[in-house]
Amino acid sequence: NDGLDKEIRTHIEGDFSIKRTRTNLRIAVDNIQNYTYFAQAYNITSSFGRTGNTVSVNQSSENISLLTAQLSQDFTLGPLNWENQITYQKSTNSNILPVPDVNIYSNLYLRFMVSHVLKVDLGGDVRYFTKYYAPDYSPALGQYCVQNSNNKTEVGNCPIVNVYANMHLKHTRFFVMMSHVTGGSDYFFTPHYPLNGRVFRFGVSWNFFN
């Protein structure tokens with residue numbers, strides 16, 4: 001598009017690790033000049049349909065900065081393992097570059113051997129992020145777009161919990177999982193697209209060697 005200027009991104013990152021305590025701290029700053037993005041606007045009817053749906057290509061004339069601070073901390077006590085990651089982000093213009101302020105992932109599981117041949121992980125994980133105006137999905141483009149209407153919708157502030165069992169026997173791995181155990185239809189990652197409810201999943205991976 002001849003009407004758009006070249007987008008320029010600058011990324012600076014620092015990483016600090018302590019292997020003995022299994023601690024990692026990452027701090028990054030991104031600066032974006034001429035940020036180019038899709039924006040979508042529409043009206044929601046009483047039957048939850050969409051009218052007046054428009055998608056435009058926009059470009060910001062200001063410099064936008066994104067600060068990311070991420071702390072990872074893992075613990076092990078015998079068979080008990082606990083993996084944690086917390087991320088803080090701040091955008092200088094959340095209207096066109098929206099991010100959740102806080103994003104948390106935690107994974108707690110027991111790891112043990114059965115008859116010295118079968119390795120088993122039994123546990124659960126949780127994902128959580130604070131409310132924000134997440135990018136909306138445009139089915140016509142197959143792209144995510146910034147919400148650009150008067151009926152902007154926030155998502156987040158709802159923990160997503162999975163429980164699982166992973167097993168590893170020689171060259172074979174298999175798992176069972178109950179995802180989104182809290183269920184409910186009011187959980188969203190994307191506006192107006194609810195997550196699946198409670199779902200039972202299983203799978204097998206078999207590695208072949210010569």
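Refer to the structure printed above.
Let us look at the structure shown here. (Residues numbered from 1 in each chain as written. Predicted model: local features only at pLDDT ≥ 70, side-chain atom pairs only at ≥ 80, totals over all residues. Heavy atoms only, no water.)

Together, Ile12, Phe16, Ile18, Leu25, Ile27, Val29, Leu67, Leu71, Ile86, Tyr88 and Ile104 make up a nonpolar patch on the protein surface, roughly 890 Å² of accessible area in all. Looking at the nonpolar patch, the elements with two or more residues in it are strand 1 (8-18), strand 2 (23-33), strand 5 (64-77) and strand 6 (80-91). By relative accessible area, which is 33% here, isoleucine 18 ends up partly exposed. (Patch = residues over 30% accessible without salt bridge, like charges linked within 9 Å, V, L, I, M, F, W, Y side chains within 5 Å. Areas by Shrake-Rupley, 256 points an atom, 1.4 Å probe, with all protein chains shown as cover. Salt bridge = Lys/Arg side-chain N within 4 Å of Asp/Glu carboxyl O. Helix = DSSP H or I, 4+ residues; strand = E, 2+ residues; numbered from the N terminus. Buried < 20%, exposed > 50% of the residue type's maximum accessible area, 1.4 Å probe, protein only.)

Time to look at the sheet that holds strand 3 (residues 36-44). Overall, mixed pairing links the four strands, which are arranged 4-3-10-9 in an open sheet. Bordering the open sheet on either side are strand 4 (50-59) and strand 9 (136-138), each of which pairs with just one other strand. When the angles between neighbouring strand axes are averaged without regard to direction, this sheet yields 45 degrees. Bridging between strand 9 and strand 10 (residues 143-147) involves three bridges; their strand directions are antiparallel. Each residue of the ladder has a partner; that of aspartate 136, found in strand 10, is cysteine 145. (Pairing = 2+ DSSP bridges. Axes fitted to C-alpha atoms, helices over the stretch in contact; angles between N-to-C directions.)

So, about the side chain of aspartate 125. For aspartate 125, the location among the structural elements is in strand 8 (residues 118-129). Each residue touching aspartate 125, except ones within four places of it in the same chain, is listed here: Tyr105, Ser106, Asn107, Ile160, Val161, Asn162 and Tyr164. (Contact = heavy atoms within 4.5 Å.)

A word on the nonpolar core. Burial of nonpolar side chains together is a common tendency in soluble globular proteins. Core analysis: the biggest nonpolar cluster contains 10 residues, these being Ile32, Tyr35, Tyr37, Ala39, Ile64, Leu66, Ile96, Leu97, Val99 and Val146. Those elements that provide at least two residues to this core are strand 3 and strand 5. Residues within four places of leucine 66 in sequence aside, it is in contact with Ala28, Val29, Asp30, Gln89, Lys90, Ser91, Leu97 and Val99. (Core = buried A, V, L, I, M, F, W, Y, C linked by side-chain atoms within 4.5 Å.)

This paragraph deals with the sheet that holds strand 1. Within the open sheet, the nine strands sit side by side as 1-2-5-6-7-8-11-12-15. Their pairing is antiparallel. Edge positions in the sheet fall to strand 1 and strand 15 (199-206), since each has one partner strand and no second. Sheet twist, expressed as the mean angle between neighbouring strand axes with direction ignored, is 15 degrees. The sheet contact formed by strand 2 and strand 5 spans 10 bridges and is antiparallel. Among the inter-strand pairings, leucine 25 is bridged to a residue of strand 5, identified as leucine 71.

Let us look at the pattern of salt bridges. Under the definition given, this model contains five salt bridges. Residue arginine 9 is joined to glutamate 7 by a salt bridge in which the shortest nitrogen-to-oxygen separation is 2.8 Å. The class for arginine 9 is exposed, based on a relative accessible area of 54%. Assessed through its relative accessible area of 27%, glutamate 7 is described here as partly exposed. For the salt bridge of arginine 111 with aspartate 121, the shortest nitrogen-to-oxygen distance reads 2.8 Å. Here arginine 111 is found in strand 7 (residues 102-114), whereas its partner aspartate 121 is found in strand 8, with 10 residues between them in sequence. For aspartate 121, a relative accessible area of 10% corresponds to the buried category.

In short, the description is geometric, and any link to function would need to be established separately.
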